[in-house]
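For reference, the chains in residue letters:
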Amino acid sequence: MAHHSNLNEALNVLDNKLRSLSALTKANAFLVEIMRKDRALLEQMEAPAARAMLMDRACQCFGEGAGDAADPDVLEVLATALTEGQTAEIIPFPTDRRH
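Q: Just give me the short version of the nonpolar core, but keep the residues and values in it.
A: Counting 18 residues, the largest nonpolar core has F30, I34, L42, L54, F62, V74 and L78 as the members making the most contacts within it. For this core, the elements supplying multiple residues, two or more each, are α1 (2-37), α3 (47-62) and α4 (72-81). Contact partners of I34, with chain neighbours within four places excluded, come to R39, L42, M53, L54 and R57.

The structure is reproduced here in structure tokens:
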């Protein structure tokens, strides 16, 4: 039975990593799409205003009001990436997942 326990534990760890990777991938795709569509607007904005706009759109796409598209893990990744002092160029890989 110890082998089952170890296998289940390993599968749970892998599942959590895959969920984190999925959230990171969705967050990056979201940012790339916004930057393609609104590049000129973003370039004209100051950094705090640009971050606020991106976060507002992220909340619309992934927040509670997004219905079936709501994804709190993606929203958490974007909130981390868009905090003061961070840039959207590099989003750190989430290390601790809540599930």
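Q: If you had to explain a nonpolar patch on the surface to someone new, which residues and values would you point to?
A: Together, L7, L11, L14, L18 and L21 line one region of the surface with nonpolar side chains, adding up to about 450 Å² of accessible area. Mapping L11 onto the fold places it in helix α1.

Q: Describe the packing of α3 against α4, with residues and values.
A: Running from amino to carboxyl end, α3 crosses α4 at an angle of 170 degrees, the nearest separation of the two axes being 9 Å. Taken as axis vectors, α3 and α4 run roughly antiparallel relative to one another. Contact residues: M55, A58, C59 and F62 in α3; P72, V74, L75, L78 and A79 in α4. Within the contact of α3 with α4, the residues separate by chemical class into 9 nonpolar, no polar and no charged.

Q: Give me the lowdown on the environment of L82, citing residues and values where you can.
A: Relative to the elements of secondary structure, L82 occurs in the segment after α4. When the C-alpha positions of L82 and A50 are compared, they lie 9.2 Å apart, and in sequence the two are 32 residues distant.

Thresholds applied
Residues numbered from 1 in each chain as written. Predicted model: local features only at pLDDT ≥ 70, side-chain atom pairs only at ≥ 80, totals over all residues. Heavy atoms only, no water. Core = buried A, V, L, I, M, F, W, Y, C linked by side-chain atoms within 4.5 Å. Buried < 20%, exposed > 50% of the residue type's maximum accessible area, 1.4 Å probe, protein only. Helix = DSSP H or I, 4+ residues; strand = E, 2+ residues; numbered from the N terminus. Contact = heavy atoms within 4.5 Å. Patch = residues over 30% accessible without salt bridge, like charges linked within 9 Å, V, L, I, M, F, W, Y side chains within 5 Å. Areas by Shrake-Rupley, 256 points an atom, 1.4 Å probe, with all protein chains shown as cover. Salt bridge = Lys/Arg side-chain N within 4 Å of Asp/Glu carboxyl O. Axes fitted to C-alpha atoms, helices over the stretch in contact; angles between N-to-C directions. Parallel < 35°, antiparallel > 145°, perpendicular 65-115°, else oblique. Nonpolar A, V, L, I, M, F, W, Y, C, P; charged D, E, K, R; others polar.

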